[in-house]
Amino acid sequence: MDHVLRKFVKAANMKNFSLDITLNVNGALVTGTTVSAEKYFRSLSGTLAEGNETAQSLSEKLERASQMNYSQEEIQYIHLENAQVYNGDAQATPAEGSFFWRGRLDTVDGFFLGRIDAK
C-alpha cells in the first residue's frame, strides 16, 4: 500500500484536508476530491434519512459510523466526493451529476494529483 497516499487519507480524516486526485484502480481511473470518512458517512446518512423505516434505520447506523474516531483507526479506505470513473472510454460515469466514492487503499495501483476534466 502506498504510504504517501495513506498520509493524504489520514490528513483528510484528521484535519479535513482535501485535494483533487485521480486513482488508477484495476485499469479504471477514479477522479475526485478527498474527504474524511466522517463526511462520507454523514452524506450517506443524509441521503437515506427521509426514506422508509429501513432507510431511516440505515441512516442512523451510518450517522453513528460517521462519529467514530477515524484518526485512530487503521486506514484502509479512501473517500472521494464529486467522483467520476473512467473505464476505457472518454465518457465518465456518472455522465452527469456527482457522487461519493469509497475504495480500498490496497486496490489502488497508482495515483496523480489533480482531476480529470473531460469537458
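Residues numbered from 1 in each chain as written. Predicted model: local features only at pLDDT ≥ 70, side-chain atom pairs only at ≥ 80, totals over all residues. Heavy atoms only, no water.

1. Section: helix α2 (residues 37–48)
Each turn of an α-helix holds 3.6 residues, which means side chains three or four residues apart point in the same direction.
Argument step 1. For α2, built from twelve residues, the straight-helix expectation of 16 Å at 1.5 Å per residue is met to within 8% by its first-to-last C-alpha distance of 17 Å.
Argument step 2. Considered for burial, the residues of α2 that qualify are A37, Y40, F41 and S45. Buried residues of α2 fall within an arc of 130° about the axis and therefore sit on the same side.
Argument step 3. Contacts made by the buried residues of α2 are with α1 (3–15), β2 (28–35), α3 (53–66), β3 (77–86) and β4 (99–104). (Helix = DSSP H or I, 4+ residues; strand = E, 2+ residues; numbered from the N terminus. Expected span 1.5 Å × (residues − 1). Buried < 20%, exposed > 50% of the residue type's maximum accessible area, 1.4 Å probe, protein only. Arc of directions from axis to C-beta. Contact = heavy atoms within 4.5 Å.)

2. What to know about the sheet that holds β2
In a beta sheet, neighbouring strands are held together by backbone hydrogen bonds and run either parallel or antiparallel to one another.
Argument step 1. Overall, antiparallel pairing links the five strands, which are arranged β4-β3-β2-β1-β5 in an open sheet. At either end of the open sheet lies a strand with only one pairing partner, and these are β4 and β5 (108–113). Averaged over neighbouring strand pairs, the angle between their axes works out to 40° when direction is ignored.
Argument step 2. For β3 and β4, the ladder comprises five bridges, and the chain directions are antiparallel. By the bridge assignment, I78 is partnered in β4 with G103. (Pairing = 2+ DSSP bridges. Axes fitted to C-alpha atoms, helices over the stretch in contact; angles between N-to-C directions.)

3. Examining the pairing of β2
Argument step 1. Along β2, seven of the eight residues are buried, which leaves the element largely enclosed by surrounding structure.
Argument step 2. In this structure, strand β1 (residues 20–25) lies alongside β2, joined through six bridges in antiparallel fashion. What sits directly across from L23, in β2, is V30.
Argument step 3. The antiparallel hairpin formed by β1 and β2 contains two residues in its connecting segment, where N26 sits at a positive phi of about 50°.
Argument step 4. Two elements, β2 and β3, share six bridges in a ladder whose sense is antiparallel. Bridging across to β3, V30 finds its partner in V85.

4. Re the nonpolar core
Argument step 1. L5, I21, L23, I78, L80 and W101 are the most contacted members of the largest nonpolar core, which has 15 residues in total.
Argument step 2. For this core, the elements supplying multiple residues, two or more each, are α1, β1 and β3.
Argument step 3. Within the second largest apolar cluster, five residues are counted, among which are A37, F41, L62 and A65. (Core = buried A, V, L, I, M, F, W, Y, C linked by side-chain atoms within 4.5 Å.)

5. Remarks on the packing of aromatic side chains
In this description, an aromatic ring pair is defined by two values, namely the gap between the centres and the angle between the planes.
Argument step 1. In total, this model carries four aromatic pairs according to the counting rule given.
Argument step 2. Between the aromatic rings of F8 and F17, the centroid separation amounts to 6.5 Å while the plane-to-plane angle is 25°, which identifies the pairing as stacked.
Argument step 3. Overall, F8 belongs to the buried group, its relative accessible area being 19%.
Argument step 4. F17 gets classed as partly exposed once you look at its relative accessible area, which sits at 33%.
Argument step 5. Relative to F111, the ring of F8 lies with its centre 6.1 Å away and its plane at 85°, an arrangement referred to as edge-to-face. Note that F8 is positioned in helix α1 and F111 in strand β5, a separation of 103 residues in sequence.
Argument step 6. The exposure class of F111 is partly exposed, given its relative accessible area of 27%.
Argument step 7. Linked through ring pairs, F8, F17 and F111 together constitute an aromatic cluster.
Argument step 8. Taking NZ or CZ as reference, R102 lies 3.7 Å from the ring centre of Y77, over its face. (Phe/Tyr/Trp six-rings, centres within 6.5 Å; stacked < 30°, edge-to-face > 60°. Lys NZ or Arg CZ within 6 Å of the ring centre and 35° of its normal.)

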